[in-house]
Every structure is written in structure tokens, then in C-alpha cells.
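For reference, the chains in residue letters:
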Amino acid sequence: MKSKNLLIITIILLSFVLINCGKDTSKNESTADKSKDSNSVKKQQQIKKDEIVVSISKYRAEEEKKLAEKVLKKKTVDIKTSNASEDTKQKWEKFDAYYDGDKLVRIQVYPHKGISERTEEYYLMDGKLVFVFIQDKGSKNEGKDSGEPGKEFYFDNGNLIKFVNNTGREELNPEESKIMYESKLQIEVTELIAVLNGTK
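Residues numbered from 1 in each chain as written. Predicted model: local features only at pLDDT ≥ 70, side-chain atom pairs only at ≥ 80, totals over all residues. Heavy atoms only, no water.

## Details of the overall build of the protein chain
Point 1. In terms of helices and strands, the protein chain carries three helices and seven strands.
Point 2. Seen in sequence order, the protein chain has helices and strands lined up from the N terminus as α-β-α-β-β-β-β-β-β-α.
Point 3. Expressed as a percentage of the 200 residues in the protein chain, the buried residues total 32%.
Point 4. Contacts in the protein chain between residues at least 24 apart in sequence constitute 40% of all its contacts with a sequence separation of at least 6. (Helix = DSSP H or I, 4+ residues; strand = E, 2+ residues; numbered from the N terminus. Buried < 20%, exposed > 50% of the residue type's maximum accessible area, 1.4 Å probe, protein only. Contact = heavy atoms within 4.5 Å.)

## A few points about the sheet that holds strand β4 (residues 119–125)
Point 1. On the basis of which strands lie adjacent, the open sheet formed by seven strands has the order β1-β2-β3-β4-β5-β6-β7 and antiparallel pairing. Looking at strand neighbours, the two that pair on one side only are β1 (73–78) and β7 (159–165), the edges of this open sheet. Each neighbouring strand pair of the sheet contributes to a mean axis angle of 15 degrees, computed without reference to strand direction.
Point 2. Sheet topology note: the strand β6 (residues 151–156)/β7 ladder contains six bridges and is antiparallel. Note on β7: the bridge partner recorded for Y154 is K162. (Pairing = 2+ DSSP bridges. Axes fitted to C-alpha atoms, helices over the stretch in contact; angles between N-to-C directions.)

## Some remarks on the layout of surface pockets
Point 1. Computed from the structure, the largest pocket encloses a volume of approximately 160 Å³.
Point 2. Taken together, I52, S55, I56, M125, K128, L129, V130, F155, D156 and N157 make up the lining of the largest pocket.
Point 3. Elements with a minimum of two residues in the lining of the largest pocket: α1 (2–68), β5 (128–135) and β6.
Point 4. Each residue belonging to the lining of the largest pocket can be placed in one class, and the counts come to six nonpolar, two polar and two charged. (1 Å grid on protein atoms, 1.4 Å probe; cavity = no way out; pocket = protein on both sides within 12 Å on 5 of 7 lines; lining within 4 Å. Points joined across faces, edges and corners; volume = space filled by probe spheres on them. Nonpolar A, V, L, I, M, F, W, Y, C, P; charged D, E, K, R; others polar.)

## Digging into the environment of F131
Point 1. Looking at where F131 falls in the secondary structure, it is placed in strand β5.
Point 2. Residue F131 is classed as buried on the basis of its relative accessible area of 1%.
Point 3. In sequence terms F131 and E121 are 10 residues apart; their C-alpha atoms lie 8.1 Å from each other.
Point 4. Non-local contacts of F131, meaning those with residues more than four positions away in its chain, are made with I56, R60, E121, Y122, Y123, E152, F153 and Y154.

## Examining the pairing of strand β3 (residues 103–111)
Put simply, side chains in a regular strand alternate between the two faces of the sheet.
Point 1. With eight of its nine residues buried, β3 lies for the most part within the structure.
Point 2. Examined bridge by bridge, strand β2 (residues 92–100) and β3 share eight bridges and lie antiparallel to one another. Each residue of the ladder has a partner; that of D96, found in β3, is Q108.
Point 3. What sits between the antiparallel neighbours β2 and β3 is a turn of two residues, in which G101 has the positive phi angle 70 degrees.
Point 4. Across four bridges, the pairing between β3 and β4 is antiparallel. Bridge pairing in β4 places R106 opposite Y123.

## Comments concerning the pattern of salt bridges
Point 1. The tally for this structure, following the rule as stated, stands at 15 salt bridges.
Point 2. Where E69 meets K65, a salt bridge forms, and the shortest distance between an N and an O atom there is 3.9 Å.
Point 3. E69 sits in the partly exposed class, given a relative accessible area of 48%.
Point 4. Residue K65 is classed as exposed on the basis of its relative accessible area of 53%. (Salt bridge = Lys/Arg side-chain N within 4 Å of Asp/Glu carboxyl O.)

## Digging into the packing of aromatic side chains
Point 1. Under the defined criterion, the tally for this structure stands at five aromatic pairs.
Point 2. Judged by centre distance (4.8 Å) and plane angle (10 degrees), the rings of F153 and F163 are stacked. Here F163 lies in strand β7 and F153 lies in strand β6, a separation of 10 residues in the sequence.
Point 3. The exposure class assigned to F153 is buried, which follows from its relative accessible area of 0%.
Point 4. Arranged with centres 4.6 Å apart and planes meeting at 50 degrees, the rings of F153 and Y181 form a pair that is tilted. Of this pair, F153 sits in strand β6 while Y181 sits in helix α3 (residues 174–198), placing them 28 residues apart in sequence. By the burial criterion, F153 is buried, and Y181 matches it.
Point 5. Within the aromatic cluster, the residues linked to one another by ring pairs are Y123, F131 and Y154.
Point 6. Against the face of F133 rests R60, its NZ or CZ located 5.3 Å from the ring centre.
Point 7. When the ring centre of Y99 is taken as origin, the NZ or CZ atom of K73, which lies over that ring, is 5.5 Å away. (Phe/Tyr/Trp six-rings, centres within 6.5 Å; stacked < 30°, edge-to-face > 60°. Lys NZ or Arg CZ within 6 Å of the ring centre and 35° of its normal.)

No statement about biological role is implied by the geometric values presented.
This is the structure in C-alpha cells:
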């Protein structure tokens, strides 16, 4: 009788262990599947961002070519006599707006002489900011990407999707800088467009 009871208990324990082992395996497989799905989604998102960056680079090159060929129409705005904010007036002297037909495609901002050499270029596609290039020492080849040091910002629907810093100086906190630039650059270009629309 004792050996029969012992056999039943052993069978129950073995059944319990086998059932639990099966559950753990399925949990591990489920976790692995979710991890694979997550990695796949991240890869697809990165591929999409890379495609957008390539598209923006191509667009910028096309507009720079039109600028060099004098196809774009240029309008210069004196910021000190405009309806710009005091902060903008202190920071910038003037900007040039470039049109491809009736579409605003590029804005180049210039500092006050003797105060700073920093320039900023904004590229717009269908009225939306897609690219910004900032140079602390100004551009020797305006409107032409010649590999000069600076910061490049790629935007997609208001989101900064790529930030390239090739100034030789590292950002102290890259993530905070990215968040700051994402907001600041869009606010600046929005004001410049408003100033442009307020001029005759």
C-alpha cells in the first residue's frame, strides 16, 4: 500500500514538474517572439527615417543647384525694421528668403556684423521645415553643401529625426540638446516666416 501511495505521489509530482516546464518554455518563446517583433519594428522605423533623410538631402541638393543657377527668386528682409521679436532683432541683422516659383524653399539668416559669424539655413518643403544647417563661422559657399563644419538637423512632420554635429565639439548632453533644437528651430523658422509675410 505504501509503495502504491508513493508511486501516485511521484506521478503527481512529475506531472506537475512537466506541466510547469512546458509553461516556462512557452513564456520564454513568447518573450523571444515579442523581442523579435520589437526589434523588427525598430529596424523598419530606422529604415523609414533613413529614407526620409536621403529624400531631404536630395531635395536640398536640388534647391542648392537652383540657387547656384539663379533660378530661385530672392527676397532680403532687414530684421531691425521688421515686426520681429526683440530677441530676434538682437540676434540677427537680416535674412534672405528664396522662392521656387511661389513656394518658399529656403531661408538664410545673417548675424550683426562684428558681433557674430553664425549663420543658419532653413529648408522648407511644402511649407514644412525639413532641414536646418547651422555654422558658427558662417558659410564660405552659401547654398552649397561643401562639407564645412556645422550642425545638421533633419525634420519629418515636426519631429527631429536626425541630428549630425560635425563641428568637432561634442554636445554635453546630446539628448537634451536634441529636444531643445527640435522645439527652438521650429519656433525660429515660424517667426521668420511670419516676419516675411508681414513685409511688403
